[in-house]
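Okay, here's what each chain looks like letter by letter:
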Amino acid sequence: MPKPEEAEQKRVAVEARSIVKAFGQGSNAIRALDNVSVAIRENEFFTLLGPSGCGKTTLLRLIAGFEYPTEGAILLYGDDIAGLPPFKRPVNTVFQSYALFPHLTVSENVAFGLEMLGRSKDEIKSRVAAMLKLVHMEELGNRRTDQISGGQAQRVALARALAPGPKVLLLDEPLSALDYKLRKEMQIELKRMQSETGITFIFVTHDQEEALTMSDRIAVMSKGRILQVGSPWDIYDKPADRFVADFIGETNFLTAAVVDIANSRATVRLSSGKEIPATVAEGMQPKHEATIVVRPEHARAVKKGGQLSGTVENVVYFGTDTHIHIRLEDGSPFTVRQQNARSEFCGFEIGDPAGIEIAADAAQVLRD
Amino acid sequence: MSSAAEIARQTQQREIRNRWLLSAPALLIIFFAAIGPLFVVLAYSFMVKGDYGDVKFGQYSLDGWFSVFFQRDIFDDTLTLADAHLSIFWRSLKLSFFTTLLTLLLGFPTAYFIATRPRNTREIWVFLVTIPFWTNLLIRTFAMQQVIRNEGVVNSVLMWTGIIDQPLQIMFTDTAILLGMVYVYLPLMILPLYASMEKLDFRLIEAGYDLYAGRLQVLWRVIIPLVKPGVIAGSILVFIPSLGAYVIPRVLGGGKNLMLGNLIELQFGAGRNWPLGAALSITLMVIVMVALLFYVRNAARSGAQHG
Ligand SMILES: Nc1ncnc2c1ncn2[C@@H]1O[C@H](COP(=O)(O)OP(=O)(O)O)[C@@H](O)[C@H]1O
Ligand SMILES: [Mg+2]
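Residues numbered from 1 in each chain as written. Chains lettered and ligands numbered in written order. Predicted model: local features only at pLDDT ≥ 70, side-chain atom pairs only at ≥ 80, totals over all residues. Heavy atoms only, no water.

All names here are of chain A. As for its placement among the helices and strands, T251 is situated in the loop between α9 (242-247) and β11 (252-262). Residue T251 is classed as buried on the basis of its relative accessible area, which comes to 16%. Only 2.9 Å separates the side chain of T251 from the backbone oxygen of A245, close enough to count as a polar contact. In terms of polar contacts, T251 uses its side chain to reach the side chain of R295, at 2.7 Å. (Helix = DSSP H or I, 4+ residues; strand = E, 2+ residues; numbered from the N terminus. Buried < 20%, exposed > 50% of the residue type's maximum accessible area, 1.4 Å probe, protein only. Polar contact = N/O pair within 3.5 Å; in protein donor to acceptor, adjacent residues only side chain to side chain.)

Quick look at the structure:
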């Protein structure tokens, strides 16, 4: 659970103010970013999450200084950095392709930034050693960059970007080229490095699971806009709109009628005629017709009763849990996910009639 | 009955035979077009010169090689260094070096400019660079003459604007040769440079900027090391023909500012000293090879320093 008081006290490291970024001219201009505002706090592990093409890389490149905003401003610790070229910004990037210098060794790659900053030979030497140690690459300093694996190249890129001690580290899908197991390992490593160095990380990914497990806060993006900013818990449990609910995890969407509303609680009538309580985001004015969401793990399939009923269409076994796909009486699909008890089958087969029991507080009315 | 090993041996032999047969045409061409003539030149350099050119077959002498470096005074028979030859060697080396340097300085930004254009317009630029190749070298050289002669474009414009009141004497100087060679050989520098810059990963340049390298530092520490193969190839392609240039010094340098190519031509023509001409040709080749070895060695070493 986030503690708002504590979070408020942290300084803002990077702030984007009403950023518009258009590529091209006139009628065929692409609005890669469309009025984006976000404040990223000091020492935060902040993630930009969204599908490919939603503008994540563009936002990072604006912060790094490789692109300039068409409108709006980027602030670093309160200062507008519009006039600063990339080599004057205390910000480093871990590129998606790593972009290691092929003509330099691993150590020379890591030393590059420090040399450009004019640090002394001794300082560079000890700093490079410390960075290689941080990423567990002490042994491979003299290797050429084509003599290391993808995972190792990723670590070198990280060490190279961290070596000059940037105020903010930008990471553009750094793990997407790694295989599953290595990716899981690096997720933990990255978290460790972030807390060890105390540097603000701005991390880009299109993988919602990665975002949920690693981030302090997440900004969900779509089509050049930020739809919601919040802790992983906020994003998952209180999605602001249909896109966020759909993009993060699996969700069941139901149409329902709002019967009653008081404070942030509503009573909604499902297609089956049954009424259940649902949460409503603050300041929202539900219409008579509304979409509500229920996460699959917040519902259970039952033989008798339940607030909804339908027919089992498919049963998928996942080891730790089982997904039961049910076609409701009104024709819409609904998935429930239940944990597998030991040596016990879920008890449903394709074609069986099934009821659905929605946990208390599980339903939420969406803003659409 | 032959065993499996026997069959395998026979197959292998057949393959080796086929390989030789298939490469025979290429080997023949290489021998007759490239290596063979060299041996002829080498042999001629050790023969006695004929009275009206040519050589006297079967009569050997070191005179040809001797006169590359030394001359015998006609009056008192004393030996002196062949100053004329040595100054021509020196001029050829000097002009070729500066030609290479200038084409590199001009070609580098040009190639970079082309490589950074949108993909579909790059071909147009490359095409423009190659247009001079459509015209004969002689004509291009005369075109240069029109530009730099006393009544030429450069002098006319300078005099008209009042910057000078006497025409600059550019024709028949080393400068004229240098200008002509830079103009003629520039495309040979641009094309290999462009070829390696086109392959350049521009994200590496961004990485350089990201790591606090300014524009000059990115040029020195990232771009140049990465396009070094193009720099080496372009330098070789410009340096070698510059050293042996004949038409350009002949037209723009006049009769006095000879380069090695003209000296060699002189021996086979008016000089009627084929052994000397042959020896000079071999000397030119040796100079080229030594210069290249030196250059490539150095380039490789400075590459090794960087990684
Ligand atoms: N240099 C560019 N020129 C034109 N369009 C671009 C450029 N960079 C990005 N875009 C467009 O902007 C949009 C966002 O791109 P990007 O930021 O790379 O998305 P993401 O990183 O989220 O996948 C895309 O539609 C992309 O085609
Ligand atoms: Mg991207």
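Additional details are given in the paragraphs that follow.
Right, let's get into the packing of aromatic side chains. Ring pairs (aromatic) are described by centroid distance and by the angle formed between their planes. Residue and element names in this part refer to chain B. Enumeration over the complete set of coordinates arrives at 16 aromatic pairs over all chains. With 5.5 Å between their ring centres and 40° between their planes, F66 and F70 make a pair best called tilted. A centroid spacing of 5.6 Å and a plane angle of 70° characterise the contact between F127 and W134, whose relative ring orientation is edge-to-face. For F127, a relative accessible area of 42% gives the class partly exposed. (Phe/Tyr/Trp six-rings, centres within 6.5 Å; stacked < 30°, edge-to-face > 60°.)

In this section: the sheet that holds strand β7 (residues 168-172) of chain A. All names here are of chain A. With mixed pairing, six strands are arranged side by side in an open sheet as β6-β7-β8-β3-β9-β10. Here the strands that pair on one side only, and so sit at the sheet edges, are β6 (91-94) and β10 (225-230). Each adjacent strand pair in this sheet contributes to an overall mean axis angle of 20°, direction not counted. Note: strand β3 (residues 45-49) against strand β8 (residues 200-205), five bridges, orientation parallel. Bridge pairing in β8 places L49 opposite T205. The strands touched by helix α2 (residues 56-64) within the sheet are β3, β6, β7, β8 and β9 (217-222), with β7 carrying the most contacts at an inclination of about 150°. Along the sheet, helix α5 (residues 150-162) makes contact with β6, β7 and β8, crossing β6 at roughly 175°. (Pairing = 2+ DSSP bridges. Axes fitted to C-alpha atoms, helices over the stretch in contact; angles between N-to-C directions. Contact = heavy atoms within 4.5 Å.)

All names here are of chain A. Residues in close proximity to ligand 1 include F23, I30, A32, P51, S52, G53, C54, G55, K56, T57 and T58, which together make up its full environment. One nitrogen or oxygen atom from the main chain of C54 is found 3.2 Å from an oxygen atom belonging to ligand 1. Interatomic distance of 2.5 Å between a side-chain N/O atom of T58 and an oxygen atom of ligand 1. For the shell around ligand 1, the secondary-structure elements that each account for two or more residues are β2 (30-41) and α2. (Near = heavy atom within 4 Å.)

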